[in-house]
Amino acid sequence: MSTSTARVLPHRPTPGVHPVDGGVTVAVHAAGATAVWLCLTDDEGGETRVELPPFGDGWWGGFVPDVHPGRRYGLRADGPWDPAVGHRFDPAKLLLDPWGRAVEGTVTYDPAVFERGGESAPFVPRNVVLDTTFDWGDDAPPAHPRDARVVYEVHVREMTRRLPGVPEHLRGTYAGLCHPVTIEHLRSLGVTTVELLPVHAFADEPHLVDLGLTNHWGYNTLGFFAPHAPYASDADPHEVLRELKGMVKLLHAAGIEVLLDVVYNHTAEQSTGGATLSWRGLDAATWYRLDEQGHDVDVTGCGNTLDLTDPVVLEMVLDSLRYWVTEVHVDGFRYDLAVALGRGEDLGYAPDHPFLVALREDPVLSRVLHVAEPWDLGPDGWRTGQFPGAWAEWNDRFRDTTRDFWLADAGALSRGEVSGPGVREIATRLVGSRDLFGERTPLSSVGFVTAHDGFTAADLVVYDHKHNEANGEDNRDGNDHNRSWNHGVEGPTDDAVVQLARRRSVRNLLGTLLLSSGIPMIASGDEIGRTHDGNNNPYCQDNEMTWLDWDLDDERRDLLATVAHLTGLRREVPVLRDHDESVIGWYDETGAPMTDETWAQDERRTLQLHLAGEPAALVVVHGGLDEAAVTLPDVGPLRLRWDSAWERPQDADAGPADRQQTLTPLSLRLYTT
């Protein structure tokens with residue numbers, strides 16, 4: 001092993017390792033360290049250590065000559081071992097660069113990555129110096145109006161792993177996601193925006209490795225600037241980044257925005273007993289929230305919490321976000337456990353947290369979309385509706401209410417039990433959840449009925465109970481409160497009556513989603529009846545359970561046509577998407593305006609919503625188990641545009657509908673002028 005010293009620079013360079021003429025500039029933050037090295041590695045396991053001079057304020061770095069793009073590297077840091085104050089310096093640990101642009105290799109959970117003094121180099125990945133140039137041509141963000149967005153939450157690998165028409169070597173890759181076959185599906189479905197499950201470099205957790213499973217979803221970050229290499233069709237680190245950029249470029253050319261699901265609340269190092277891979281070895285006291293004994297304060301459920309009250313951590317997160325916007329051209333972000341990012345030094349959530357203020361004021365980040373998962377696992381962690389005005393937020397109350405009305409409450413009624421609060425809750429969700437978002441636009445709400453975690457839409461109507469045995473935890477993992485209804489039979493059945501009811505219930509869920517105001521989010525595969533066989537937590541299932549099955553029977557083709565029809569109606573009828581309260585009219589089944597008395601009826605299961613506009617819309621909701629005679633309100637001529645009782649969309653009637661109508665049990669209709 002050879003050693004040298006980096007050349008001192010007059011000013012601290014950009015954090016990370018970056019190519020310049022003749023070499024690289026290096027800047028690493030390791031407060032409390034007594035020595036820091038850039039470690040250049042080769043394929044034979046050799047290592048050249050370059051000692052980095054201190055800049056002050058915990059920063060180390062300089063200029064290192066004759067290092068060029070493609071060179072593999074890591075970091076080492078020496079200093080005190082005092083876990084009670086967060087110091088766990090160990091020069092035997094080869095560490096990833098927190099600002100590293102590429103991560104190559106995987107973690108092997110040998111004792112050396114956990115134990116003090118164990119040489120970890122043979123068991124950990126490396127960073128790679130990258131040349132990030134790319135020909136973007138005339139790429140431009142699609143910049144859809146907020147009310148026009150239809151978001152599609154999708155996993156890069158799941159979407160195309162079995163998609164016919166995509167070449168085998170591109171299936172499950174960034175290139176597969178932007179293949180013409182994939183783009184045609186997205187465009188025909190009416191999708192404007194894809195929200196990608198994490199594509200930052202990530203690692204499998206030790207317990208999954210022990211079970212022979214993998215972290216499939218990716219919420220276990222190893223590098224906040226590095227794309228996940230296994231999602232590329234070419235393993236070369238430069239090609240990984242180029243393929244990801246090419247994906248964004250082609251999706252933009254098709255008019256599709258790209259949002260990234262990002263995980264800045266924790267890292268792959270888990271708790272203080274976890275592996276030392278990067279941040280912990282560079283001073284846990286800087287990077288993580290720690291208590292008085294040096295233990296992690298965990299509000300994420302993943303063992304640690306990044307401390308965004310520290311200026312260095314905040315700088316890393318903001319630099320990462322800017323990198324993905326300026327270098328990769330993404331259009332926005334969905335923040336996993338976003339409340340954790342807005343917690344102050346006292347652990348309380350603060351809407352004026354420096355991170356949230358920075359996103360509003362930053363010239364780059366203020367012009368892209370920010371979507372919060374508005375909760376975490378810490379104290380007072382549920383914060384739906386409490387993010388700053390420009391944010392959009394996942395609306396879990398929309399999800400729960402929609403499931404309750406069409407499934408849990410209907411199931412209770414079928415068993416002769418007391419159901420829920422009449423139509424009050426579903427009415428609130430249909431018009432933008434103003435109880436949560438106050439003076440903000442309904443477009444602050446991202447409505448959804450399913451997401452990557454939990455049952456799929458198809459499974460919500462087939463299973464009352466989770467079936468997670470494949471995850472290796474004796475069915476203990478996953479949520480036990482799914483608000484689902486199996487329609488009287490647990491699991492698949494040949495009973496044609498049950499099948500018919502289940503299909504209508506799925507259409508009710510998706511119809512409610514796509515006919516409500518706000519920004520709708522479709523979970524990938526719901527439009528084709530995707531099932532996880534009752535597993536409501538398939539985070540570790542990278543196999544046919546989670547890969548979309550594109551072998552569609554007639555019923556699944558009908559569902560696909562239905563969802564495309566609904567997104568088309570949403571485009572055609574702007575008042576469905578966004579409106580103020582002045583255009584709203586509520587009516588009962590007789591066509592009379594709703595009164596305080598009728599709103600208070602817990603047994604009420606029928607409601608009519610009129611939205612004045614050009615065209616105007618009438619949404620008729622019937623959650624009863626029997627047919628219902630309904631008189632449409634006297635609001636002018638109306639045409640029936642969709643009925644959830646239809647297996648497949650039908651052409652609109654040429655003439656106006658009769659005001660006297662009979663509704664199918666558990667059904668939803670849309671009329672327009």
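Basis of the calculations
- Residues numbered from 1 in each chain as written.
- Predicted model: local features only at pLDDT ≥ 70, side-chain atom pairs only at ≥ 80, totals over all residues.
- Heavy atoms only, no water.
- UniProt positions renumbered as here; feature names shortened; annotations may be inferred.
- Helix = DSSP H or I, 4+ residues; strand = E, 2+ residues; numbered from the N terminus.
- Pairing = 2+ DSSP bridges.
- Axes fitted to C-alpha atoms, helices over the stretch in contact; angles between N-to-C directions.
- 1 Å grid on protein atoms, 1.4 Å probe; cavity = no way out; pocket = protein on both sides within 12 Å on 5 of 7 lines; lining within 4 Å.
- Points joined across faces, edges and corners; volume = space filled by probe spheres on them.
- Nonpolar A, V, L, I, M, F, W, Y, C, P; charged D, E, K, R; others polar.
- Salt bridge = Lys/Arg side-chain N within 4 Å of Asp/Glu carboxyl O.
- Buried < 20%, exposed > 50% of the residue type's maximum accessible area, 1.4 Å probe, protein only.

## Notes on the UniProt feature "domain: Glycosyl hydrolase family 13 catalytic" (unreviewed entry) in the chain
Thought 1: On the UniProt side, "domain: Glycosyl hydrolase family 13 catalytic" (unreviewed entry) is annotated at positions that read residues 153–570 here.
Thought 2: Across residues 153–570, helical content stands at 34% and strand content at 10%; the span's end C-alpha atoms are separated by 18 Å.

## Looking at the sheet that holds strand S20 (residues 392–395)
Thought 1: Spatially, eight strands are ordered S13-S14-S17-S18-S19-S20-S21-S22 in a closed barrel, and the strand pairing comes out parallel. Averaged over all pairs of adjacent strands, the angle between strand axes in this sheet comes to 30°, irrespective of strand direction.
Thought 2: Pairing between strand S13 (residues 151–154) and strand S22 (residues 519–523): three bridges, direction parallel. Counted as the bridge partner of Glu153 is Ala523 from S22.

## Quick look at empty space enclosed by the protein
Thought 1: Evaluated as defined, the whole model comprises two cavities of 30 Å³ or more.
Thought 2: By volume, the largest cavity is sized at about 140 Å³.
Thought 3: Along the walls of the largest cavity sit 16 residues, with Glu158, Ala451, His452, Ser524 and Arg530 positioned nearest its centre.
Thought 4: For the lining of the largest cavity, a count of residues per class yields six nonpolar, six polar and four charged.

## Some details on the pattern of salt bridges
Thought 1: With the rule as written, the count across this model stands at 41 salt bridges.
Thought 2: Close ionic contact of Asp404 with Arg483 constitutes a salt bridge, the shortest N to O distance being 3.0 Å. With Asp404 in helix H9 (residues 396–414) and Arg483 in the loop between helix H12 (457–460) and helix H13 (496–515), this pair connects stretches of sequence that are 79 residues apart.
Thought 3: We classify Asp404 as partly exposed; its relative accessible area is 22%.
Thought 4: Overlapping salt bridges, with partners in common, bring together Glu47, Arg49, Arg76 and Glu119 in one network.

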